Amino acid sequence: MIEKPSFEPRFLLPKYWLTWLSVGLLYTISWLPYRWQLGMGRGLGRLLYRFLPRRAKIARRNLELCFPHMSAADIEQLVRKNMQNTGIAFFETGMAWWWPDWRIRRKLHVHGVEHLQAAQKDGKGVLLLLFHFLSLEVHARLHGFVKPAVGLYRPHNNAVMEYLQTLGRGRSNKYMIPRTDVKSMLQALNQGEIAGYLPDQDYGRKRTVFAPLFEVKQASTTTGTLLFAANANCAVLPVTCFRRDDGTGYDMTYYPEFENFPTGDNVADVTRVNRMIEFAIQQRPEQYMWIHRRFKTRPNADDPSLYDG
């Protein structure tokens, strides 16, 4: 469990000066008008598309695998839009970490909150399924205005960035739990907390089964969702957060609790989770994090890679 961090004198060592310079620049930019930052993000994304071809290639390949009937021209257009949204996400980090409550709260548009309230009515914890959309940092900040939560996260290797991200993500929420600390996550759920969990990336072979995701029939899918749902007194329900195209903020939508979950059939249960992931992505595919090699783990270690190079 990571409580609110404290500043340490070692953060001022020369090896962190470049980090502070970069963070200071982002902090300064974060005070610019929201629409300006969206425009800057799209511009940065165009540069990423041109100068980070490997990431664009991964996004392109993921889209080809998931949507094989989509034309090459449509896929390329979606890759360009996705890279622009990736650029916007960079500036959204500054908004999520440093904007005052009054400024970011007015960007929040909530739907389906009755599902969250119903899931909590008996004092149960809530395992909140989030997905890797590019506005995830903003999503975490905005959720705290509805109901403060705890979340799993990957500690940063840079001590200053670890300090800043933990502080930023705790602005409107409770505390963070390292993603390997299963015991603390279960404890939080059993204490009636809302705990965010991301089940939509390729985490390798540990605690996974292979289940369909879009047109990929055997995608490595974590069983972590089932572990928490089976061993904690909690409800499981999904939530999405999409950036509005008109620049008026974000739509955060809660969906009904998964009933009769888990069933004990791991493949069927994670397939159900994957179907929810598909539903979310189909709403705003350009805002999803396609630059992750989602299908890098194959059913057999000697199966050929789905990615070239």
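Residues numbered from 1 in each chain as written. Predicted model: local features only at pLDDT ≥ 70, side-chain atom pairs only at ≥ 80, totals over all residues. Heavy atoms only, no water.

The name an unreviewed UniProt entry gives the protein chain is Lipid A biosynthesis acyltransferase, with Pseudidiomarina gelatinasegens as the organism. Under Sequence similarities (unreviewed entry), UniProt gives the following word-for-word description of the protein chain: "Belongs to the LpxL/LpxM/LpxP family." As its UniProt record puts it under Subcellular location (unreviewed entry), the protein chain is described as follows: "Cell inner membrane". (UniProt positions renumbered as here; feature names shortened; annotations may be inferred.)

*Asks:* Mind showing me how you'd approach the pairing of strand 8 (residues 234-243) here?
*Replies:* Judged by how many residues are buried, strand 8 sits mostly within the fold: ten of ten residues are covered. Of the two faces of strand 8, both are covered, the one formed by C234, V236, P238, T240 and F242 as well as the one formed by A235, L237, V239, C241 and R243. Alignment of strand 2 (residues 125-129) against strand 8, held across five bridges, turns out to be parallel. Considered in strand 8, the bridge of L127 is made with V236. Bridge analysis of strand 8 against strand 9 (residues 250-254) gives five bridges, and the strand direction is antiparallel. (Buried < 20%, exposed > 50% of the residue type's maximum accessible area, 1.4 Å probe, protein only. Helix = DSSP H or I, 4+ residues; strand = E, 2+ residues; numbered from the N terminus. Pairing = 2+ DSSP bridges.)

*Asks:* Help me understand the environment of M185 in this model?
*Replies:* Considering the arrangement of structural elements, one finds M185 in helix 9 (residues 182-190). In this structure, the C-alpha to C-alpha distance between M185 and Y153, residues 32 residues apart in sequence, is 11 Å. When near neighbours in sequence (up to four residues on either side) are disregarded, M185 contacts L127, L152, I177, A195, G196, Y197 and F228. (Contact = heavy atoms within 4.5 Å.)

*Asks:* Would you explain the UniProt feature "transmembrane region" (unreviewed entry) in the protein chain in this entry?
*Replies:* Per the UniProt record, "transmembrane region" (unreviewed entry) is annotated on residues 16-34. With 74% helix and 0% strand, the stretch residues 16-34 has end C-alpha atoms that lie 29 Å from each other.

*Asks:* Which parts of the structure should I look at to understand the packing of helix 2 (residues 34-51) against helix 3 (residues 53-66)?
*Replies:* Any two packed helices are characterised by the angle at which their axes cross and by the distance between the axes. Put simply, helix 2 and helix 3 touch, their axes get as near as 5 Å, and they point 90° apart. Compared by their axis directions, helix 2 and helix 3 come out roughly perpendicular. Taking contact as the criterion, the partners of L48, Y49, R50 and F51 in helix 2 are, on helix 3, P53, A56 and R60. (Axes fitted to C-alpha atoms, helices over the stretch in contact; angles between N-to-C directions. Parallel < 35°, antiparallel > 145°, perpendicular 65-115°, else oblique.)

*Asks:* Just checking my understanding: could you explain the nonpolar core for this structure?
*Replies:* The nonpolar side chains of a soluble globular protein tend to be buried, and buried together. By size, the foremost hydrophobic cluster in this structure holds 56 residues, and its most contacted members are L127, L129, F131, M185, F228, W290 and F295. The next biggest cluster of nonpolar side chains, apart from the first, holds 39 residues, and it includes I29, W99, F145 and A159. (Core = buried A, V, L, I, M, F, W, Y, C linked by side-chain atoms within 4.5 Å.)

*Asks:* Where do I start with the packing of aromatic side chains in this structure?
*Replies:* Given two aromatic rings, their pairing is described by the distance between the two centres and the angle made by the two planes. Throughout the structure, instances matching the rule amount to 18 aromatic pairs. Between the aromatic rings of Y27 and W31, the centroid separation amounts to 6.2 Å while the plane-to-plane angle is 75°, which identifies the pairing as edge-to-face. For Y27, a relative accessible area of 38% corresponds to the partly exposed category. Judged by its relative accessible area of 43%, W31 is partly exposed. With a centroid separation of 5.1 Å and an interplanar angle of 70°, the aromatic rings of Y288 and W290 are classed as edge-to-face. Positioned over the ring face of Y307 is R293, at 5.5 Å from the centre of the ring. (Phe/Tyr/Trp six-rings, centres within 6.5 Å; stacked < 30°, edge-to-face > 60°. Lys NZ or Arg CZ within 6 Å of the ring centre and 35° of its normal.)

*Asks:* In this structure, what is going on with the sheet that holds strand 3 (residues 150-153)? I would like to understand it.
*Replies:* Hydrogen bonds between backbone groups are what pair the strands of a sheet, and the pairing can be parallel or antiparallel. Across the sheet, which stays open at both edges, the seven strands sit in the order 1-9-8-2-5-3-4 with mixed pairing between neighbours. Of all strands in the sheet, those bounded by a partner on one side alone are strand 1 (108-111) and strand 4 (176-178). Shown here is a sheet whose adjacent strand axes are inclined to one another by a mean of 25°, direction ignored. Bridge analysis of strand 3 against strand 5 (residues 194-197) gives two bridges, and the strand direction is parallel. When the bridges of strand 5 are listed, V150 appears paired with A195. Each of strand 3 and strand 4 is contacted by helix 8 (residues 159-169), which is oriented at about 150° to strand 3, the strand it contacts most.

*Asks:* Please clarify how helix 1 (residues 17-29) should be interpreted in this entry.
*Replies:* Because each turn of an α-helix spans 3.6 residues, side chains separated by three or four positions in sequence point in the same direction. A rise of 1.5 Å per residue sets the reference length of helix 1, with its 13 residues, at 18 Å; its end C-alpha atoms lie 18 Å apart and thus fit the reference within 8%. All of the buried residues in helix 1 are T19, V23, L26 and I29. What you see down the axis of helix 1 is that its buried residues fit within an arc of 120°, all on one side. For helix 1, the exposed residues lying more than 90 degrees away from the buried face are W17, L21, L25 and T28. Those residues of helix 1 hidden inside the fold are in contact with helix 2, helix 4 (72-98) and helix 8. (Expected span 1.5 Å × (residues − 1). Arc of directions from axis to C-beta.)

*Asks:* Looking at this structure, how should I read the side chain of H139?
*Replies:* Structurally, the position occupied by H139 is in helix 7 (residues 136-146). Residue class for H139 comes out buried when judged on its relative accessible area of 3%. Apart from residues lying up to four places away in sequence, H139 is in contact with L130, V239, T240, C241 and M252.

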